Amino acid sequence: MAFVTRFAPSPTGPLHLGHAYSALLAHDMARAAGGAFLLRIEDIDRARSRPQWEAQIYDDLQWLGVAWDGEVMRQSTRLPAYEAALQGLWDGGLIYPCTCTRRDIGAALSAPQEGAQEGAVGPDGPVYPGTCRCAPRGAMPRDAALRLNMGLLAQETQFQETGAGLAGKVRITAQDYVQSIGDVVLARRDMGTSYHLSVVLDDAAQGVTHVVRGADLFEATRIHVILQRALSLPTPIYHHHRLIRDEGGKRLAKRDDARALAKYRAEGASPADIRRMVGL
Ligand code: GLU
Ligand code: ZN
């Protein structure tokens, strides 16, 4: 199929207007292209995911008129696939264990260092100073975070962006990867995976050709593209859409229960009202 997209919410809170916009846009684009619209529940964060939020997602989407194709993918069932990918990266020497605490990283960053730009902050926070990069190797450990060795992997990449205001070819240099992204965590100790690893593997497993999601993830896409190279996976086309903001111009967060779709529903709004509210 030429156009396969997805909506990938995390069941850690109610869907709000921003999610509704993302789901409606991806759904409408898939229908207009005669393609497929898939649903994926991103529930790797077991501490924050709740069955009632997952149930609310299905209910809200059905109410909105967003029908998904095929089976829902749930990330909590995909741990063996994540583990296999990590093992491959481990065998290739591309990831290493890290036991640094946030405090250790802060302390190392305040000391002089080579490589990373001073004070550089990447999509996941401060660029990791590389403290554990030379940790002794043996079997892949399960009781430590696993970081990507960006110094080994860094290469120029590019992806096709179609989002309004961003459209074009986005190029990322090897130097950008080392200096402004660095050794990102691919597996958290408490999860056995990470958002970045899971999203890349799952988009490929679901055959996603077009990723439609909020512009807040534009920077993270740089990480996803290099991971696709490392894992020999195709790079989809990306469409990062505008964010829905509140009256004060602040972007909506999960905790903004006041803008939960369920609240508008309870107040009698129709799906057409929601479409209007998000500018569709
Ligand atoms: N699960 C992510 C979220 O709810 C979205 C991930 C994505 O679309 O790539 O923010
Ligand atoms: Zn470390």
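Presented here is a report on the structure given in the accompanying data block. (Residues numbered from 1 in each chain as written. Chains lettered and ligands numbered in written order. Predicted model: local features only at pLDDT ≥ 70, side-chain atom pairs only at ≥ 80, totals over all residues. Heavy atoms only, no water.)

1. Digging into the packing of helix 6 (residues 174-181) against helix 8 (residues 218-230)
Stage number 1. Where helix 6 contacts helix 8, the axes come no closer than 12 Å and their chain directions differ by 125 degrees. It follows that helix 6 is oblique to helix 8 by the angle criterion. With respect to the hand of their crossing, helix 6 and helix 8 are arranged in left-handed fashion. Residues Tyr177, Ser180 and Ile181 of helix 6 form the contact with helix 8, whose participating residues are Arg222, Ile223, Val225 and Ile226.
Stage number 2. Residue composition of the contact of helix 6 with helix 8, grouped by class: five nonpolar, one polar and one charged. (Axes fitted to C-alpha atoms, helices over the stretch in contact; angles between N-to-C directions. Helix = DSSP H or I, 4+ residues; strand = E, 2+ residues; numbered from the N terminus. Parallel < 35°, antiparallel > 145°, perpendicular 65-115°, else oblique. Left-handed = near helix turned anticlockwise from the far one by under 90°. Contact = heavy atoms within 4.5 Å. Nonpolar A, V, L, I, M, F, W, Y, C, P; charged D, E, K, R; others polar.)

2. Some thoughts on the sheet that holds strand 7 (residues 145-148)
Stage number 1. With respect to topology, three strands assemble into an open sheet ordered 4-7-10, the strand pairing being antiparallel. Strands with a single pairing partner mark the edges of an open sheet, and in this sheet they are strand 4 (95-98) and strand 10 (185-187). If you compare each strand with its neighbour and ignore which way they point, the axes differ by 45 degrees on average.
Stage number 2. As paired strands, strand 7 and strand 10 are joined by two bridges and run antiparallel to one another. Opposite Arg147, over in strand 10, you have Val185 as the bridge partner. (Pairing = 2+ DSSP bridges.)

3. Re the packing of helix 3 (residues 79-91) against helix 7 (residues 195-205)
Stage number 1. Two elements in contact, helix 3 and helix 7, have axes separated by 10 Å at closest approach and are oriented at 105 degrees. Between helix 3 and helix 7, the interaxial angle falls into the category roughly perpendicular. The segment helix 3 lies against helix 7, with Ala81, Tyr82, Ala85 and Leu86 engaging Leu197, Ser198, Leu201 and Asp202.
Stage number 2. Partitioning the contact of helix 3 with helix 7 into residue classes produces six nonpolar, one polar and one charged.

4. Describing the coordination of the zinc ion (ligand 2)
Stage number 1. Every protein donor of the zinc ion (ligand 2) is accounted for by Cys98 (SG), Cys100 (SG), Tyr128 (OH) and Cys132 (SG), and the metal-donor separations fall at 2.1 to 2.3 Å.
Stage number 2. Its four donor atoms give the zinc ion (ligand 2) angles of 95 to 126 degrees at the centre, a pattern that matches the tetrahedral case.
Stage number 3. All donors of the zinc ion (ligand 2) come from a single chain, and their spacing in sequence reads C-x1-C-x27-Y-x3-C. Residue Cys98 is located in strand 4, and its partner Cys132 is located in the loop between strand 6 (125-126) and strand 7; the two are separated by 34 residues in the primary sequence. (Donors = N, O, S within 2.8 Å, 3.2 Å for Na, K, Ca; no water. Tetrahedral: all angles 85-135°; square planar, octahedral: opposite > 155°, others 65-115°.)

5. Overview of the packing of aromatic side chains
The geometry of an aromatic ring pair is captured by the separation of the ring centres together with the interplanar angle, meaning the angle of the planes.
Stage number 1. Using the criterion set out here, one finds three aromatic pairs in the structure.
Stage number 2. Aromatic side chains Phe159 and Tyr238 sit 5.4 Å apart centroid to centroid with 75 degrees between the ring planes, which places their arrangement in the edge-to-face category. With Phe159 in strand 8 (residues 157-161) and Tyr238 in strand 12 (residues 237-241), this residue pair connects regions lying 79 residues apart in the sequence.
Stage number 3. Note on Tyr238: relative accessible area 1%, which makes it buried.
Stage number 4. Ring pairs connect the aromatic residues Phe159, Phe218 and Tyr238, which therefore count as one cluster.
Stage number 5. The ring of Trp90 has Arg137 lying over it, and the distance from NZ or CZ to the ring centre is 4.1 Å.
Stage number 6. Positioned over the ring face of Tyr264 is Lys263, at 4.8 Å from the centre of the ring. (Phe/Tyr/Trp six-rings, centres within 6.5 Å; stacked < 30°, edge-to-face > 60°. Buried < 20%, exposed > 50% of the residue type's maximum accessible area, 1.4 Å probe, protein only. Lys NZ or Arg CZ within 6 Å of the ring centre and 35° of its normal.)

6. Let's talk about the nonpolar core
Stage number 1. In terms of nonpolar packing, the biggest core is built from 35 residues, with Leu86, Ile95, Leu148, Leu186 and Leu197 touching the most fellow members.
Stage number 2. The set of elements that each furnish at least two residues to this core consists of helix 3, strand 7, helix 5 (150-153), strand 9 (168-172), helix 6, strand 10, helix 7 and helix 8.
Stage number 3. The next biggest cluster of nonpolar side chains, apart from the first, holds 25 residues, and it includes Leu17, Tyr21, Leu39 and Tyr264. (Core = buried A, V, L, I, M, F, W, Y, C linked by side-chain atoms within 4.5 Å.)

7. Re the sheet that holds strand 1 (residues 4-7)
Stage number 1. Spatially, three strands are ordered 1-2-3 in an open sheet, and the strand pairing comes out parallel. Edge positions in the open sheet fall to strand 1 and strand 3 (73-74), since each of these has one partner strand only.
Stage number 2. Direction of pairing for strand 1 relative to strand 2 (residues 36-41): parallel, over a ladder of four bridges. Bridge pairing links Phe7 to Leu39 in strand 2.
Stage number 3. Across the sheet, helix 7 lies against strand 1, strand 2 and strand 3, angled at about 145 degrees from strand 2, the strand it touches most.

Honestly, it's all geometry; don't read function into it.
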